[in-house]
Structures are given as structure tokens and as C-alpha cells.
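Survey of secondary and tertiary structure
One-letter residues, chain by chain:
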Amino acid sequence: MSLLSQAFVLPIDQQTLPLDLTSTLACGQCFRWRVDGDGAWNGVVGRDLVRLSMGADGLIIESSTTPAAELAESLVAYLRLDDDLPGLHARLGGDPHLREAFDNYPGLRLMRQEPWETLAGFILSSTSNIPRISKTVELLSDTFGDEVELDGIRRRTFATAESLAEAGEQRLRELGCGFRAPYLAGAAEAVATGRLPLDELRGAPYEDVVGRLTELKGVGEKIADCAMLFSLDRLEAFPADRWVRKVLTDLYDLPANISYDGAREWAWERWGGDAGYANQYLFWNARQSTRPMRISQ
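In this report, the structure presented in the accompanying data block is examined. (Residues numbered from 1 in each chain as written. Predicted model: local features only at pLDDT ≥ 70, side-chain atom pairs only at ≥ 80, totals over all residues. Heavy atoms only, no water.)

The next point concerns the overall build of the chain. From N to C terminus, the chain includes 15 helices and 7 strands. The C-alpha atoms of the chain give 19 Å as radius of gyration, which agrees with the globular expectation for 297 residues (19 Å, within 12%). When each of the 297 residues of the chain is scored for burial, the buried share is 54%. Counting only contacts in the chain whose residues sit at least 6 apart along the sequence, the fraction spanning at least 24 positions is 65%. Of the roughly 13100 Å² of accessible surface on the chain, 49% is carried by carbon and sulfur atoms. Charge centroids of the chain, computed over 31 positive and 44 negative side chains, lie 7 Å from each other. (Helix = DSSP H or I, 4+ residues; strand = E, 2+ residues; numbered from the N terminus. Rg over C-alpha atoms; globule rule 2.2 N^0.38 Å. Buried < 20%, exposed > 50% of the residue type's maximum accessible area, 1.4 Å probe, protein only. Contact = heavy atoms within 4.5 Å. Areas by Shrake-Rupley, 256 points an atom, 1.4 Å probe, with all protein chains shown as cover. Lys, Arg positive; Asp, Glu negative; His and termini not counted. Charge placed at Lys NZ, Arg CZ, Asp CG, Glu CD.)

In C-alpha cells form, the structure reads like this:
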């Protein structure tokens, strides 16, 4: 069966439901999406290899396993198409720095990803960069995941917590995890045994979730905030990495030595429950205006 016959178009009005696939999928909140020569994006979502592109009538969805029309509902959640971006822009648009970011990337959305994959990816992010993280995540998937195929494209599902726990620290070091290997192995063991039930943390109080995540060795508040923001529906989470701290210093005159807690408290006072969205818009606008990221195929 051809790709065209399997495709499903999810209607999207860019005025009321803006979606920019490039800024959303490349902005550092996920690590397994690749753009092809036609400008479409392919990534693995759960057990499906998915190909996404924008057409005149909306989002074109193609999938390897689940019929695309059935997958559309879960992709609405995954891409957070239920978030009111025009409302967000109106609420925060009085801030000139955010207004600039909104104008540059009006369709940038936070994502609602699978919690284990997200936590693992951000454990690997420590003192790293997006291309290197993506390479390591892909190697783990190629080693431990199951193959999925769509129109000649072959990828693998993300490594389960059970498979990484069984692999152990030394094997993870061999696969490029470096000093992060024991942290990833420990987190995998906690999730695999049920000691850390990630799905149950969705909706729990912010401080409770931070506490549970930071019990893991090698998981500090920044990694916890990333996992919470990009997979556990905590839109107030404010991962203050070096890019964000520089933005706070350069644009908002916060002291360069402001503590992580200080930056987060300041963001909550200014943006409240929208702090996570403000964070990602400011990060991506600064990143792309300073040292634009090359979008990899």
C-alpha cells in the first residue's frame, strides 16, 4: 500500500491552532525526530514510526503500525494541540522579549512525551548538546529497541527501562553514555521495578514530583524540571540551563550568579503557570538568534 493511501490529514487552522513542526521538534525538548529531503519529519512515537508534514489543509500523518486516522488523536495529545497558543501569546505578549519570540516562532509547542524516554534523554543531556544526545539516544534504540519500518525508512523503538536496567552500567558506557551510565542504569532499575512509577506522577503536586525524581542519583532539579515540563504536564516547570540563565541576565537584568531556585521563583512570580512555555520560547529564540542549530536529516 502506498504512503498516500495510508495518510490522514488532521485539519489545522494556523490562525487559531498554530503548529510549527520544525521549531517544535528541533528545539531541544525531544531527541528522535529527523527531517527528510522532502521536509517531512519522521520519529518513533510509542510503537509507531510516524511521518509528519504540513499541507495546505493541515497536518499530514503517516504511520507504520497504527492506522494514521487512529493515531491522530494521540498525536493531538503528544503535540499538545489542546494548548491555546493564541491565548498564551495574548497573556504573555506584554513582555517585549516574549513578544519577539512569539512573532518568530508562533507555532512552537511544548510536547507531551512518554515519561521514561524523556527522563532517560535528559539524564543523557548532562554537560552535553542536542546532536550528541540525539546520537546516544539513537544508539541505545538501535541496540535495544524493536524495528519499525515505514516506506523504506527503518528505525527502532526507544529502549525500555527493563532493557537498560538489564544491560547495566558497563554496557551503557560502551554505548557512549560516559559518566551518565550509572545514573541511567539506576533510573532504569527504579522504573523497571516500579519503585518510580512515572505515569502516576502526572498530576501530582510539583514539589512531590521533584522530590521523587531527584531521589535518583544524577538527577538534579534541572533534569527533573525537563522531565516534568516535557512529559508530565507540569507547565510551570522552568529548566534554567545556561542559555536561559543568560537570557535572564541579559534581557531581564537578573544577577549572573542567581541560584537555580532564585531563577525559578522569579519566573513563577512573572509568568505563573505559563513559566514553562516562556522558558522554551526564550531559549529557542536566543539559541537560534545566537548560534542557529543545523536541522539534521
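So, next bit.
To continue, consider the pairing of strand 7 (residues 153–156). Two elements, strand 6 (residues 147–150) and strand 7, share 4 bridges in a ladder whose sense is antiparallel. If you follow V148 over to strand 7, its bridge partner there is R155. Hairpin remark: strand 6 followed by strand 7, antiparallel, with 2 residues in the connecting loop; positive phi at D151, about 50 degrees. (Pairing = 2+ DSSP bridges.)

Attention now moves to empty space enclosed by the protein. Applying the stated criterion to the full structure yields 1 cavity of 30 Å³ or more. In this structure, the largest cavity spans a volume of roughly 30 Å³. Around the largest cavity, the lining residues are L124, S128, R132, I133, T136, G176 and R180. Top contributing element to the lining of the largest cavity by residue count: helix 7 (residues 130–144), with 3 residues. Looking at the lining of the largest cavity residue by residue, the classes come out as 2 nonpolar, 3 polar and 2 charged. (1 Å grid on protein atoms, 1.4 Å probe; cavity = no way out; pocket = protein on both sides within 12 Å on 5 of 7 lines; lining within 4 Å. Points joined across faces, edges and corners; volume = space filled by probe spheres on them. Nonpolar A, V, L, I, M, F, W, Y, C, P; charged D, E, K, R; others polar.)

Relative to the 16 Å expected for 12 residues at 1.5 Å per residue, helix 9 (residues 181–192) spans 16 Å between its end C-alpha atoms, a close match to the ideal helical length. Inspection of helix 9 places A181, L184, A185, A187, A188, A190 and V191 among the buried residues, and these make up the whole buried set. Looking at the packing, one finds that the buried side of helix 9 touches helix 6 (115–123), helix 7, helix 8 (161–177) and helix 10 (198–201). Positive backbone phi, at 85 degrees, marks G194, one or two positions downstream of helix 9. (Expected span 1.5 Å × (residues − 1).)

Our focus in this paragraph is the nonpolar core. The biggest cluster of nonpolar side chains holds 99 residues, and the ones touching the most others in it are W33, I61, W116, L184, L213, W271 and Y281. The greatest single-element share of this core, amounting to 8 residues, is contributed by helix 15 (residues 275–290). Those residues in contact with W33 that lie beyond four places of it in its chain are L25, W41, N42, G43, V45, V50, L52, Y78 and M111. (Core = buried A, V, L, I, M, F, W, Y, C linked by side-chain atoms within 4.5 Å.)

What follows deals with the packing of aromatic side chains. Considering all chains together, one arrives at 14 aromatic pairs under this definition. Ring centres 6.3 Å apart and planes at 45 degrees place the aromatic pair W33 and Y78 in the tilted group. Within this pair, whereas W33 is found in the loop between helix 2 (21–26) and strand 2 (34–35), its partner Y78 is found in helix 3 (residues 68–78), the two being separated by 45 residues in sequence. The buried category is assigned to W33, whose relative accessible area is 5%. Classification of Y78 by relative accessible area gives buried; the value is 10%. Measuring from ring centre to ring centre gives 5.3 Å for W266 and W271, while their planes differ by 90 degrees; the resulting arrangement is edge-to-face. An aromatic cluster is defined as three or more aromatic residues linked by ring pairs; in this entry it consists of F238, Y252, W266 and W271. (Phe/Tyr/Trp six-rings, centres within 6.5 Å; stacked < 30°, edge-to-face > 60°.)

Turning to the pattern of salt bridges, a few remarks are in order. Charged atoms that come close allow side chains of opposite charge to pair. Scanning the entire structure with this criterion turns up 26 salt bridges. Across the pair D274 and R91 runs a salt bridge, and its minimum N-O distance is 2.9 Å. Of the two residues, D274 is situated in the loop between helix 14 (260–271) and helix 15 and R91 in helix 4 (residues 85–92); the sequence distance between them amounts to 183 residues. The partner of R264 in a salt bridge is D225, with the nearest N and O atoms 3.4 Å apart. (Salt bridge = Lys/Arg side-chain N within 4 Å of Asp/Glu carboxyl O.)

For helix 12 (residues 221–231), the buried fraction is high: 9 of the 11 residues fall into the buried class. Every buried residue of helix 12 is listed here: I223, A224, D225, C226, A227, M228, L229, F230 and S231. Buried positions along helix 12 lie against helix 6, helix 11 (206–214), helix 14 and helix 15. Of the residues trailing helix 12, D233 is marked for its positive phi of about 65 degrees.

Moving on, we come to unusual backbone geometry. You will see that D233, though not glycine, has its phi angle at about 65 degrees, which is positive. Position of D233 among the secondary structure elements: in the loop between helix 12 and helix 13 (242–252). Although it is not a glycine, D253 sits at a positive phi angle of roughly 60 degrees. Of note, D253 is situated in the loop between helix 13 and helix 14.

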